[in-house]
Amino acid sequence: MSKLLGDRYLLGAMIGTGGMADVFIAQDQRLSREVAIKILRSDLAKDQTFVSRFRKEARAAAGLSHPGIVAVYDSGEDPSPYIVMELVSGHTLRDLIHNGERLPLERALQIGAGILEALEYSHERGIIHRDIKPANIMITDQGDVKVMDFGIARAMDDLGATLTSPWNIVGTAQYLSPEQALGESAGAASDIYSTGCLLFELITGQPPFTGETPVSIAYQHVSGAAPLARTITPEVPEGVEILLAVALSKKIEDRYTSAQAMLDDVQKLRGGESISTKIARGPLISRRSAVVSGLALLVIGIAAAVGFSLTGNPGGSIGNQVPNVVGLTVEQARALLTDYTVTLQRAHDPAIPKGRIASQIPFATSQAPKGSAVVLTVSDGPGDATVPENLIGMSLIDARAELAASGLVIARTEASSSDQPQGTVLSVSPEPGSIVTAGTGIVLTIASGEVEVPNLIGVESGQAKTQLIQLGFLFKEFTDYDPTQPIGFVIRQSPEPGTTQTIGKSVTIAINKAP
């Protein structure tokens, strides 16, 4: 059954889903236009700090008006936080990368230019994206670049990692700037670094840093020199290699000073010109103590994502500050805790690799006298989890919450024809009741719904689109001219009226328009 959000937006088919939100096509009843609505997870609505920050950031993002930015029109909190966005027909860069498609160099640079144009515009207005990655870059059906989710990253960042699925952090970690990995604030230079990571992957076919865990990837961002592009793809021009190396400099002062400065070099390279920018030859890494401390902060965020309460000791007894050892090996932790008596215990943890420290008491930054005890919990790895037995018949939103409570995530959804309400879970793989490793991705088959395509010929275009939206279809439109028919009405359609089509697919309509 269709739902009306904010007494204005009539929800249609779900067109996307992710770890943070589900995306629906909707009809704006007030302005008679199609929009996309991103409805955040229900657990986000329970945190009033987030809701307040989300509202503020959504308003700031709504002030951005640029062809390279997916526009934010509106936001609300009932029944769950949501934002109303421009409806973009196309695909994300993540889809392109996952499909294994390699882009010509010129196209990769063109996409990079589009991202940088959007960032320069937002940076001039004081808005930092903070989460540039392939999943946040849309490529329209016309080939244009649009950056989305401005402001949401800030709201999530201020809230902390406690509401972020730890199994989704790896993808973000591949585009994380060194200063973000160290727990420092993100600025324009952070967006430039992340864009460099993304562009490096588009050009060479692989991200600059990879690893099995977010911690290992983040450590490389902070302490490891990014490979030169031509060591991976020898045919990359020298100027492009320099462009990427400068964008991926560890120190902020060695990167491009602005998105515009990087954009200028991209445009020169696209035009066959050389660039004068040089790679800084200074030291590439921070002091080791800063690296260890910063990475431990990142690990705290990941651990918090699965329920640890890693806040500092508010009382704080007088003594030395306890080092932060979360995420380190037992040997590394002991080396930092020579002033204390170390006691070890073990527990399963889906976010921390086996053999590394998952939590510590007293907490990091607490004050404790020399010789006092520090209890370290060593991860035994993710352990086992049971696939819930009550998923079939649930809505997708409820199923996701049930899986999260069991330590599992949705790997993907597959639509299937059914007379069940759209989004209802029809089957689960692995089977309900199965014992699997915690963190395993579960495949859900959900009802897509099969609906008869209505007869739209002779219907006014706005009414035709509304009818399609209410039935759960997407639509594509083009104009043609038939002098025997009224202007602004549908004169042709595909598929034919009366045929059956899966909800969520497109119906093409031709609108009569005078030449």
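What comes next is a walk through the structure. (Residues numbered from 1 in each chain as written. Predicted model: local features only at pLDDT ≥ 70, side-chain atom pairs only at ≥ 80, totals over all residues. Heavy atoms only, no water.)

Here we look at the packing of helix α3 (residues 105–124) against helix α7 (residues 188–204)
Packed helix pairs are specified by the crossing angle of their axes together with the interaxial distance, meaning the distance between the axes. Stated formally: Axis lines are fitted through C-alpha atoms, for helices just across the contact stretch, and the angle between N-to-C directions can take any value from 0 to 180 degrees. In this text, helices come from DSSP runs of H or I with a minimum length of four residues, and strands from runs of E with a minimum of two, each type numbered from the N-terminal end. Angles are sorted into four bins: roughly parallel if under 35 degrees, roughly antiparallel if over 145, roughly perpendicular if 65 to 115, and oblique for all others. Left-handed describes a crossing whose near helix is turned anticlockwise from the far helix through less than a right angle; right-handed describes the clockwise counterpart. We call two residues contacting when some pair of their heavy atoms lies within 4.5 Å. Residues are sorted three ways: Asp, Glu, Lys and Arg are charged, Ala, Val, Leu, Ile, Met, Phe, Trp, Tyr, Cys and Pro are nonpolar, and all the rest, Gly among them, are polar.
Interhelical geometry of α3 versus α7 gives an angle of 165° and a closest axis separation of 10 Å. On the basis of their axis angle, the class for α3 and α7 is roughly antiparallel. The two elements α3 and α7 cross, and the hand of that crossing is right-handed. For the pair formed by α3 and α7, the contact residues are Leu105, Ala108, Leu109, Ile111, Gly112, Ile115, Leu116, Leu119 and His123 on the first element and Ala188, Asp191, Thr195, Leu198, Leu199, Leu202 and Ile203 on the second. In terms of residue class, the contact of α3 with α7 is made up of 12 nonpolar, 3 polar and 1 charged.

A short note on the packing of aromatic side chains
Worth spelling out the cut-off: The rule is short: rings of Phe, Tyr and Trp, with Trp giving its six-membered ring, pair when the centres are within 6.5 Å, and they are stacked under 30 degrees, edge-to-face over 60, tilted in between. In this scheme, Lys NZ or Arg CZ marks a charge over a ring once it lies within 6 Å of the ring centre and within 35 degrees of the ring normal.
With the rule as written, the count across this model stands at 0 aromatic pairs. Between the NZ or CZ atom of Arg33 and the centre of the ring of Tyr73, over which it lies, the distance is 3.8 Å. Geometry around Tyr121 places Arg125 over its ring, the cationic atom sitting 3.7 Å from the centre.

Looking at the pairing of strand β14 (residues 373–379)
To keep it simple, the criterion reads: Exposure classes here rest on a 1.4 Å probe applied to the protein chains alone. A residue is buried below 20% of its type maximum, exposed above 50%, and partly exposed in between. Strand pairing is assigned whenever DSSP detects at least two bridges linking the two strands.
In terms of burial, β14 is a largely internal element, 5 of the 7 residues being buried. Sheet analysis places strand β11 (residues 341–347) next to β14, joined by 7 bridges and oriented parallel. Looking at the pairing, Thr343 lines up with Val375 of β14. In terms of strand pairing, strand β12 (residues 357–361) meets β14 through 4 bridges, oriented antiparallel. Paired with Ile361 across the two strands is Val375, which belongs to β14.

Here we look at the packing of α7 against helix α10 (residues 238–247)
It is the contact of α7 with α10, at a shortest axis distance of 8 Å, that shows an interaxial angle of 145°. In this structure, α7 crosses over α10, and the sense of that crossing is left-handed. On the side of α7, the interface is formed by Ile192, Tyr193, Gly196, Leu199, Phe200 and Ile203, while α10 contributes Val240, Leu243, Leu244 and Ala247. In the contact of α7 with α10, the residues fall into 9 nonpolar, 1 polar and no charged.

Regarding unusual backbone geometry
Residues other than glycine predominantly adopt negative phi, and peptide bonds predominantly adopt the trans conformation. Residue Pro430 follows Ser429 across a cis peptide bond; omega there is 0°. Residue position: Pro430 is located in the loop between β17 (425–429) and β18 (435–437). Ser494 connects to Pro495 through a cis peptide bond whose omega is 5°. Following the sequence through the fold, Pro495 ends up in the loop between β22 (490–494) and β23 (500–502). The backbone phi angle of Asp7 is positive, close to 55°, even though this residue is not glycine. Position of Asp7 among the secondary structure elements: in the loop between β1 (4–5) and β2 (9–17). A residue is classified by how much of its surface remains accessible, and Asp7, at 72% relative accessible area, is exposed. For Ser32, which is not a glycine, the phi torsion comes out positive at approximately 50°.

Such coordinate-based values are descriptive only and should not be taken to indicate function.
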